[in-house]
Amino acid sequence: MNSMHKINKQTLDEFISIFGNIFEHSEWIMESTYNQKPFKDFEDLRSKMIYIFESTSEEVQLKILNSHPNLVNKAKVANLLSSNSKYEQMKAGLDHCSKDEFNEFKRLNKKYKKKFGFPFILAVKNKKRSEILSIFKKRILYDVSVEFNEAKIQVQKIANLRLDELIEKYEE
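Residues numbered from 1 in each chain as written. Predicted model: local features only at pLDDT ≥ 70, side-chain atom pairs only at ≥ 80, totals over all residues. Heavy atoms only, no water.

Draft legend 1. Spotlight on the overall build of the protein chain. Of the regular secondary structure elements, the protein chain holds 10 helices and zero strands. Across the protein chain, helices and strands are ordered from the amino to the carboxyl terminus as α-α-α-α-α-α-α-α-α-α. Per-residue burial over the protein chain gives 47% buried out of 172 residues. In the protein chain, the proportion of contacts linking residues at least 24 apart, taken out of those at least 6 apart, comes to 71%. For the protein chain, the computed accessible surface area is about 9600 Å², with 51% contributed by carbon and sulfur atoms. (Helix = DSSP H or I, 4+ residues; strand = E, 2+ residues; numbered from the N terminus. Buried < 20%, exposed > 50% of the residue type's maximum accessible area, 1.4 Å probe, protein only. Contact = heavy atoms within 4.5 Å. Areas by Shrake-Rupley, 256 points an atom, 1.4 Å probe, with all protein chains shown as cover.)

Written as structure tokens, this is what we have:
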């Protein structure tokens, strides 16, 4: 039995236990995706989940953006980060910031959230701390509407990367 056939046979609970956090703390997107079964292949699943995110209202998209954690927030690392976020930030080395780097991220997080009304979101996979900090400093200068669109693009990148990791596991 191929992997997509197995996925199409899953109950909602089984599906959510695997795919529920592709969008950070927004499993309703994957519940809606589940209701569009059967999927022809992983690209069909991907296009349906992205369409659901893209077609929701800006107000709901803002809630999704706000479900993302601040980068390098040591107080949240232990408790509130999803396992995906914790792993992604760790792989980028964000859990090993120097005191100066930590303070710079903290300052930028506060300034960014005040300006835009949501946390800085970046698909950090394959990026180094210095690169992330550089991107952060650049994007904090953006216009609000430009940055809202960039944050949505980053949410989609994160979702796609998370789905790619799950696809790899299914195809092993």
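After that view of the structure, there is still more to cover.
Draft legend 2. Broad picture of the side chain of Gln 154. Looking at where Gln 154 falls in the secondary structure, it is placed in helix 10 (residues 144–170). In contact with Gln 154, not counting residues within four places along its chain, are Ile 121, Leu 122, Ala 123 and Arg 139.

Draft legend 3. A look at the packing of aromatic side chains. A complete count under the given rule lists 12 aromatic pairs for this structure. Members of the aromatic cluster, connected to one another through ring pairs, are Phe 105, Tyr 112, Phe 116, Phe 118, Phe 120, Phe 136 and Phe 148. (Phe/Tyr/Trp six-rings, centres within 6.5 Å; stacked < 30°, edge-to-face > 60°.)

Draft legend 4. View of the pattern of salt bridges. The final tally for this structure, using the stated rule, is nine salt bridges. Glu 24 serves as the salt-bridge partner of Arg 162, at 2.8 Å between the closest nitrogen and oxygen. Of this pair, Arg 162 sits in helix 10 while Glu 24 sits in the loop between helix 2 (12–19) and helix 3 (27–34), and the two are 138 residues apart along the sequence. Residues Asp 164 and Arg 46 are paired through a salt bridge, measuring 2.6 Å at the closest nitrogen-oxygen approach. Taken as a pair, Asp 164 in helix 10 and Arg 46 in helix 4 (residues 42–55) lie far apart in primary sequence, 118 residues in all. (Salt bridge = Lys/Arg side-chain N within 4 Å of Asp/Glu carboxyl O.)

Draft legend 5. Looking closely at a negative patch on the surface. Side chains of Asp 13, Glu 14, Glu 27 and Glu 31 sit close together on the surface and give a patch of like negative charge. The set of elements that each furnish at least two residues to the negative patch consists of helix 2 and helix 3. Tracing the backbone through its elements, the reader meets Asp 13 in helix 2. (Patch = residues over 30% accessible without salt bridge, like charges linked within 9 Å, V, L, I, M, F, W, Y side chains within 5 Å. Lys, Arg positive; Asp, Glu negative; His and termini not counted. Charge placed at Lys NZ, Arg CZ, Asp CG, Glu CD.)

Draft legend 6. Quick peek at the packing of helix 5 (residues 58–66) against helix 10. Between helix 5 and helix 10, whose axes approach to 11 Å, the crossing angle comes to 65 degrees. Here helix 5 and helix 10 pass one another in a crossing that is left-handed. The segment helix 5 lies against helix 10, with Glu 58, Gln 61, Leu 62, Ile 64 and Leu 65 engaging Phe 148, Ala 151, Lys 152 and Val 155. (Axes fitted to C-alpha atoms, helices over the stretch in contact; angles between N-to-C directions. Left-handed = near helix turned anticlockwise from the far one by under 90°.)

Draft legend 7. Summary view of the nonpolar core. Membership of the largest hydrophobic core comes to 46 residues, with the highest contact counts inside it found for Phe 15, Ile 22, Phe 23, Met 30, Met 49 and Phe 105. When residues in this core are grouped by element, the largest group, eight residues, is from helix 10. (Core = buried A, V, L, I, M, F, W, Y, C linked by side-chain atoms within 4.5 Å.)

Draft legend 8. Focus on the environment of Phe 23. Tracing the backbone shows Phe 23 in the loop between helix 2 and helix 3. Given a relative accessible area of 1%, Phe 23 falls into the buried group. The spacing of Phe 23 and Ile 158 is 135 residues in sequence and 7.7 Å in space, taken between C-alpha atoms. Setting aside chain neighbours within four positions, we find Phe 23 in contact with Ile 29, Met 30, Met 49, Ile 50, Phe 53, Val 155, Ala 159 and Arg 162.

Draft legend 9. Region of the structure containing the side chain of Gln 61. With respect to the secondary-structure elements, Gln 61 resides in helix 5. With relative accessibility at 2%, the residue Gln 61 sits in the buried group. Within the structure, the side chain of Gln 61 is placed 3.4 Å from the side chain of Lys 152, a separation counted as a polar contact. Residue contacts for Gln 61: discarding those within four places in its chain leaves Phe 53, Glu 54, Thr 56, Phe 148 and Lys 152. (Polar contact = N/O pair within 3.5 Å; in protein donor to acceptor, adjacent residues only side chain to side chain.)

Draft legend 10. Main features of helix 2. Phe 15, Ile 16 and Phe 19 are the residues of helix 2 that are buried. For helix 2, the angular spread of the buried residues around the axis is 95 degrees, confining them to a single face. Exposed side chains of helix 2 directed beyond 90 degrees from the buried face belong to Asp 13 and Ser 17. Along its buried surface, helix 2 packs onto helix 1 (3–9), helix 3, helix 4 and helix 10. (Arc of directions from axis to C-beta.)

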